[in-house]
Amino acid sequence: GGQLSIDQNVHVVVVGGGFGGVAAAQHLKHHGVPFMLIDILDAFHHNVAALRASVQSGFAKQTFIPYKETFGLNFLQGRVMRIDTETQTLVLDNGKEVRYSHLLLCTGTSGPFPGKHNSVDTYQSAIQKYEDFGNEIQAANTILVVGGGTTGVEMAAEVKTEFPKKKVILIHPRDDLADPELLPSVKEQAKQVLLEKGVELLLGHKVSNLDELEFNKCRSGMVVKTNKNEQVTADLVICCTGNKINSEAYCSSLSASVAENGALKVNKHLQVDGFDNVYAVGDCANISEPKMAYHAGLHAAVAATNITNSLSGKALTSYHPGNVSMLVAMGRDAGVGQFNGYKLPRFMVVKGKSQGLMLWKSWKEMGQKAPN
C-alpha cells in the first residue's frame, strides 16, 4: 500500500491512546512510519460505553481493548511528565526518555469516574472498578446524579433503564440539559426522555456541599444541599461534572502555546503554535466544537496525513469544523441527536448508537475480535 521511503531519524510519538491517538497510530502504521504510542492504561478505553459498563455486569470487558495486540512494540505504557522541545525528547514518570522527530498530542480530557478512567492501571483492574461500581449502584435505592451535561443525562438514563424501580434524581444548574451546542429541540427532547423514564429533575440548582460528599459509594442517608436551600437525601451520589483538558504532559513545556482552558492553540493544519513538528488532536486541541470521539477521529486523520505529507514533500491538509453532529445514548432503548444541524428521529439514534454504543467500530479500528 501506502509505504513511504523514510529517513531513519523519523520517529513519531503519539501521546494518549484515546479515539484520536489510536486513529493516528493506525494511519502511521499503515504508511510504515515508525511511531510509538504512549498511554497510562495498557488498553484502549472505549469510554463512550463507560456508563453502560457501570450498570450492566460483565459489560466492562467489552470496553477495553489491549494495545499490545494491535501495536506490539510500538506501544509503551506510562505517563508523560515533561516534553523537551530543544532535544525533542519526552520524559516519562518512570524516568524513561523517548526521542521524537514529530509529536502528536492526543491527551484528551480527564474527569470523574465512571465517565473517565484516568489513573495508571492495568485494564483488568479497570474492568474490576466498573464491576465494583455496578455493585454500589445495585445496593442503592436513591441515586443522585450531579450535572446534566451529556454525561449526566446519559448516566441518569442508563441507571433508570437498567433499574426502573430505583429513584434517580438529576441536579443541574441550568434549565436546559445535555451539550450546550445541541439544537434547543434536541435538548428539550433529552429532558422529555428522562421524564418519560421517571428521572426526577432539579434544574436551576447547584449543589452547594459537593466537597463534603463521597462519590460512587453507597451510604444511606447522604444529604445533598443546593444553593436554593433545597435538600435531597440519597444513598449514592455520582458526579458527572468537572471534565477538564488533560494538559499535564505539556502545560509547563509548551506553556506559550496553551490557551486559557488548558488546550493547545493550533493552526488549520492542527500544528501547535510555534512548532511545525508538534500536532494536537481531539479534546486537547483548542478548536471550537464539542469534545467528541467523532471529532478526535477527524482531527487524527488530518494530523497524521500532514505528518506523512511533510515526509514526502506534499502540501499539508486543513481541518474545518462542520455543523454539530451528536448522538446522545439514553439507555439501550432511547436516545436523541442531530446530524449536520438537523434533529434526528429517536429510533435512528437508538439503532445508530444506543443499542451497541459503537463498540464494534473500536474493535474493528484496533483490528481485534470483540469478546462475546
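What you see is a predicted model, and the numbers here were worked out from it, not measured in a lab. (Residues numbered from 1 in each chain as written. Predicted model: local features only at pLDDT ≥ 70, side-chain atom pairs only at ≥ 80, totals over all residues. Heavy atoms only, no water.)

A. Summary view of the environment of Phe59. With respect to the helices and strands, Phe59 occurs in the loop between helix H2 (50-55) and strand E4 (64-66). As for Phe59 and Ile238, which are separated by 179 residues in sequence, their C-alpha atoms are 19 Å apart. If near-sequence neighbours (up to four positions away) are discounted, Phe59 is found in contact with Ala49, Arg52, Ala53, Glu131, Leu357 and Leu359. (Helix = DSSP H or I, 4+ residues; strand = E, 2+ residues; numbered from the N terminus. Contact = heavy atoms within 4.5 Å.)

B. The side chain of His299, seen in detail. With respect to the helices and strands, His299 occurs in helix H7 (residues 293-312). Looking at His299, its side chain comes within polar contact range of the main-chain nitrogen of Gly282, at 2.8 Å. Beyond its immediate chain neighbours, meaning those up to four positions away, His299 contacts Leu270, Val281, Gly282, Ile287, Glu289 and Tyr319. (Polar contact = N/O pair within 3.5 Å; in protein donor to acceptor, adjacent residues only side chain to side chain.)

C. Expanded view of helix H5 (residues 150-162). For H5, which comprises 13 residues, the first-to-last C-alpha distance of 18 Å matches the rise-based estimate of 18 Å (1.5 Å per residue) to within 8%. Residues of H5 that are buried include every one of Thr150, Gly152, Val153, Glu154, Met155, Ala156, Ala157, Glu158, Val159, Lys160 and Thr161, and no others. (Expected span 1.5 Å × (residues − 1). Buried < 20%, exposed > 50% of the residue type's maximum accessible area, 1.4 Å probe, protein only.)

D. Representation of the environment of Glu136. With respect to the element layout, Glu136 can be found in helix H4 (residues 123-139). Between the C-alpha atom of Glu136 and that of Arg219, which follows or precedes it by 83 residues, the distance is 9.1 Å. Glu136 has contacts with Asn216, Lys217, Cys218 and Leu236, leaving out every residue within four places of it along the chain.

E. Up close: the side chain of Glu154. Within the fold, Glu154 resides in helix H5. Its relative accessible area of 12% is what places Glu154 among the buried residues. Polar contacts involving the side chain of Glu154 include one to the main-chain amide nitrogen of Ala329, which spans 3.1 Å. Sequence-distant contacts of Glu154, defined by excluding residues within four places in its chain, comprise Leu51, Leu327, Val328, Ala329 and Lys353.

F. The packing of helix H1 (residues 19-30) against H7, seen in detail. One way to put it is that H1 packs onto H7 with a least axis distance of 8 Å and a crossing angle of 35°. Here the hand of the crossing between H1 and H7 comes out right-handed. Each of Phe19, Gly20, Ala23, Ala24, His27 and Leu28 in H1 lies in contact with H7, whose residues at this interface are Ala293, Ala296, Ala300, Ala304, Thr305, Ile307 and Thr308. Across the contact of H1 with H7, the residue classes break down as nine nonpolar, four polar and no charged. (Axes fitted to C-alpha atoms, helices over the stretch in contact; angles between N-to-C directions. Left-handed = near helix turned anticlockwise from the far one by under 90°. Nonpolar A, V, L, I, M, F, W, Y, C, P; charged D, E, K, R; others polar.)

G. Region of the structure containing the sheet that holds strand E18 (residues 278-280). The strand order across the open sheet built from five strands is E5-E2-E1-E9-E18, with neighbouring strands paired in parallel fashion. Looking at the sheet topology across the chains shown, the edges are occupied by strand E5 (75-77) and E18. The average angle at which neighbouring strand axes cross in this sheet is 20°, direction not considered. In the sheet, strand E1 (residues 12-15) pairs with strand E2 (residues 35-39) via four bridges, with the strands oriented parallel. (Pairing = 2+ DSSP bridges.)

H. Representation of empty space enclosed by the protein. Inspection of every chain in the model, using the stated rule, returns three cavities of 30 Å³ or more. Here the largest cavity defines a volume of roughly 60 Å³. If you go around the largest cavity, the residues you meet are Ala53, Ser54, Val55, Gln56, Ser57, Tyr130, Glu131, Gly134, Asn135, Gln138 and Phe163. Elements that contribute at least two residues to the lining of the largest cavity include exactly H2 and H4. Of the residues forming the lining of the largest cavity, the biggest block, five residues, is contributed by H4. Here the lining of the largest cavity is composed, by residue class, of four nonpolar, six polar and one charged. (1 Å grid on protein atoms, 1.4 Å probe; cavity = no way out; pocket = protein on both sides within 12 Å on 5 of 7 lines; lining within 4 Å. Points joined across faces, edges and corners; volume = space filled by probe spheres on them.)

I. Molecular detail of the pairing of strand E13 (residues 200-203). Two strands pair when backbone bridges link them, and strand E12 (residues 167-172) and E13 are joined in this way by four bridges, in the parallel orientation. Its bridge partner lying in E13, Leu170 is registered against Leu201. The β-α-β motif built from E12, the intervening helix H6 (residues 184-197) and the parallel element E13 has right-handed crossover chirality. (Right-handed = clockwise from strand over helix to strand, strands pointing away.)

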